[in-house]
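One-letter residues, chain by chain:
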Amino acid sequence: MQALLLIDLQNDFMPTGSLPVADGDAVVPVANRLMAAFSGETIVVATQDWHPANHGSFASQHDGKSPGEVIKLGGVDQVLWPDHCVQHSYGSRLHHEVESRSIERLFYKGTDVAIDSYSAFFDNGHKRATGLAEWLMTRGVRDVVALGLATDFCVKFSVLDALELGFNVTLVADGCRGVNLKAGDSEGAIAEMAKRGARVLHSEELLK
Ligand code: VGL
Ligand code: ZN
């Protein structure tokens with residue numbers, strides 16, 4: 001069984017959001033085309049970054065700190081971000097053009113103020129699971145096709161965890177865009193995912 005994993009297609013990661021990913025909205029039609037093409041034979045599952053308003057990854061919660069600075073949170077390095085994807089806010093909602101009726105289940109992450117969660121599977125300390133792995137395994141999923149935002153954070157860590165959990169992973173390269181705190185971060189992330197075993201394809205190759 002195959003699952004299509006849509007990662008954080010949320011307003012705050014779109015170009016007008018609070019943590020904008022350049023060209024982030026370009027991945028929405030890619031997601032919709034794949035959902036339509038796979039319909040029936042693929043389970044569609046999506047994640048949402050889902051932070052409490054006082055989340056520890058927000059620079060606003062740390063006196064004198066600005067977005068981009070790095071602190072320790074939950075025992076691990078944490079890049080500080082602008083406030084984003086606050087639970088139930090407009091910014092936390094999926095982009096309105098995402099064909100969300102095809103999504104069978106949503107998994108929420110980053111809900112614990114004391115640790116961030118880039119991966120769809122585990123928090124950044126690898127301590128607590130979101131339940132996604134068990135949910136996929138219960139449904140007999142062996143193959144995961146992943147896309148979304150952002151290539152160099154949530155997509156990368158989700159794909160690396162999926163590989164480590166033993167799933168066969170295909171990354172849809174044109175279905176991802178990155179934050180690129182440093183130039184080239186997204187390309188580096190894709191290279192790392194490929195090196196660890198992800199198959200990297202253009203969506204066209206999955207549609208034909
Ligand atoms: C993400 C930074 C902070 C992501 C989430 O979805 O890639 N990036 N929170
Ligand atoms: Zn976040």
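Refer to the structure above for everything that follows.
What you are looking at is a predicted structure, and each value in this text was computed from that prediction instead of being measured.

Engineer: Please explain the overall build of the protein as it appears in this structure.
Structural biologist: Per the secondary structure count, the protein includes five helices and eight strands. The order of α-helices and β-strands along the protein, N terminus first, is β-α-β-β-β-β-α-β-α-β-α-β-α. For 208 residues, the compact-globule estimate of 2.2 N^0.38 gives 17 Å, and the C-alpha radius of gyration of the protein, at 16 Å, lies within 12% of that figure. Dimensions of the protein, computed from C-alpha atoms along their principal axes, come out at roughly 50 × 35 × 30 Å. Taking as baseline every contact in the protein between residues at least 6 positions apart, the subset at least 24 positions apart corresponds to 74%. Only carbon and sulfur atoms are counted for the fraction: they give 50% of the accessible area of the protein, which is about 9,400 Å². Between the averaged position of the 18 positive side-chain charges in the protein and that of its 27 negative side-chain charges there is a distance of 4 Å.

Engineer: Help me out: how do you make sense of the coordination of the zinc ion (ligand 2) in this one?
Structural biologist: Around a metal, the ideal angle is 109.5 degrees if four donors adopt a tetrahedral arrangement and 90 or 180 degrees if six donors adopt an octahedral arrangement. Summarising the metal site, the zinc ion (ligand 2) is bound by the protein donors Asp49 (OD), His51 (NE2) and His84 (NE2), whose distances to it range over 2.0 to 2.2 Å. Donor residues for the zinc ion (ligand 2), ordered by position in the chain, follow D-x1-H-x32-H. Taken together, the residues span a long stretch of sequence, with Asp49 in strand β2 (residues 42-49) and His84 in the loop between β4 (76-79) and β5 (105-109) at a distance of 35 residues. On the basis of relative accessibility, which here comes to 3%, the residue Asp49 falls in the buried class. Residue class for His84 comes out buried when judged on its relative accessible area of 3%.

Engineer: How should I be thinking about the site of ligand 1 in this particular structure?
Structural biologist: Close to ligand 1 lie Asp8, Phe13, Leu19, Asp49, Trp81, His84, Tyr118, Leu149, Ala150, Phe153 and Cys154. The side chain of Asp8 places a nitrogen or oxygen atom 2.7 Å from an oxygen atom of ligand 1. Between Ala150 and ligand 1, the recorded distance is 3.0 Å, taken from a backbone N or O atom to an oxygen atom. Within the complex, 100% of the 260 Å² of free accessible area of ligand 1 lies under protein. Split into classes, the residues belonging to the shell around ligand 1 amount to eight nonpolar, one polar and two charged.

Engineer: Can you help me understand unusual backbone geometry in this one?
Structural biologist: What is expected of a backbone is that most residues other than glycine have negative phi and most peptide bonds are trans. Leu149 connects to Ala150 through a cis peptide bond whose omega is -10 degrees. As for its position among the elements, Ala150 is in the loop between β6 (143-149) and α3 (151-164). Although it is not a glycine, Asp23 sits at a positive phi angle of roughly 65 degrees. One can find Asp23 in the loop between β1 (2-7) and α1 (27-38).

Engineer: It is not clear to me how the sheet that holds strand β8 (residues 199-201) should be interpreted in this structure. Could you clarify?
Structural biologist: Sheet strands associate in pairs through backbone hydrogen bonding, adopting either a parallel or an antiparallel arrangement. Spatially, the six strands line up as an open sheet ordered β5-β2-β1-β6-β7-β8, and their pairing is parallel. Strands at the two margins of the open sheet, each flanked by one partner only, are β5 and β8. Strand-to-strand, the axes of this sheet are offset by a mean angle of 25 degrees, without reference to chain direction. Two strands pair when backbone bridges link them, and β1 and β2 are joined in this way by six bridges, in the parallel orientation. Residue Leu5 lies in a different strand from β2, and its bridge partner there is Val45. Taken strand by strand, α1 contacts β1, β2, β6 and β7 (168-177), and its axis lies near 140 degrees from that of β7. Running over the sheet, α3 touches β1, β5, β6 and β7 and is turned about 170 degrees from β7.

Engineer: Before we go on, may I ask you to explain the packing of aromatic side chains in this structure?
Structural biologist: Aromatic rings in a pair are described by how distant their centres are and how their planes are angled relative to each other. Applying the stated rule across the entire model yields six aromatic pairs. Above the plane of the ring of Phe107 lies Arg105, whose end atom (NZ or CZ) is 4.2 Å from the centre.

Engineer: Please clarify how the environment of Ser100 should be interpreted in this entry.
Structural biologist: Inspection of the secondary structure assignment puts Ser100 in the loop between β4 and β5. For Ser100, a relative accessible area of 41% puts it in the partly exposed group. Between the alpha carbons of Ser100 and Leu206 there is a distance of 20 Å; along the sequence they are 106 residues apart.

Engineer: Would you mind showing me how to read the packing of α3 against helix α4 (residues 185-195) here?
Structural biologist: At a minimum axis distance of 10 Å, the contact between α3 and α4 shows a crossing angle of 5 degrees. In terms of axis orientation, α3 runs roughly parallel to α4. Two secondary-structure elements touch here, α3 through Thr151, Asp152, Val155, Lys156, Val159, Leu160 and Leu163 and α4 through Asp185, Ser186, Ala189, Ile190, Glu192 and Met193. Considering only residue class, the contact of α3 with α4 consists of seven nonpolar, two polar and four charged.

Criteria and thresholds
Residues numbered from 1 in each chain as written. Chains lettered and ligands numbered in written order. Predicted model: local features only at pLDDT ≥ 70, side-chain atom pairs only at ≥ 80, totals over all residues. Heavy atoms only, no water. Helix = DSSP H or I, 4+ residues; strand = E, 2+ residues; numbered from the N terminus. Rg over C-alpha atoms; globule rule 2.2 N^0.38 Å. Contact = heavy atoms within 4.5 Å. Areas by Shrake-Rupley, 256 points an atom, 1.4 Å probe, with all protein chains shown as cover. Lys, Arg positive; Asp, Glu negative; His and termini not counted. Charge placed at Lys NZ, Arg CZ, Asp CG, Glu CD. Donors = N, O, S within 2.8 Å, 3.2 Å for Na, K, Ca; no water. Buried < 20%, exposed > 50% of the residue type's maximum accessible area, 1.4 Å probe, protein only. Near = heavy atom within 4 Å. Polar contact = N/O pair within 3.5 Å; in protein donor to acceptor, adjacent residues only side chain to side chain. Nonpolar A, V, L, I, M, F, W, Y, C, P; charged D, E, K, R; others polar. Pairing = 2+ DSSP bridges. Axes fitted to C-alpha atoms, helices over the stretch in contact; angles between N-to-C directions. Phe/Tyr/Trp six-rings, centres within 6.5 Å; stacked < 30°, edge-to-face > 60°. Lys NZ or Arg CZ within 6 Å of the ring centre and 35° of its normal. Parallel < 35°, antiparallel > 145°, perpendicular 65-115°, else oblique.

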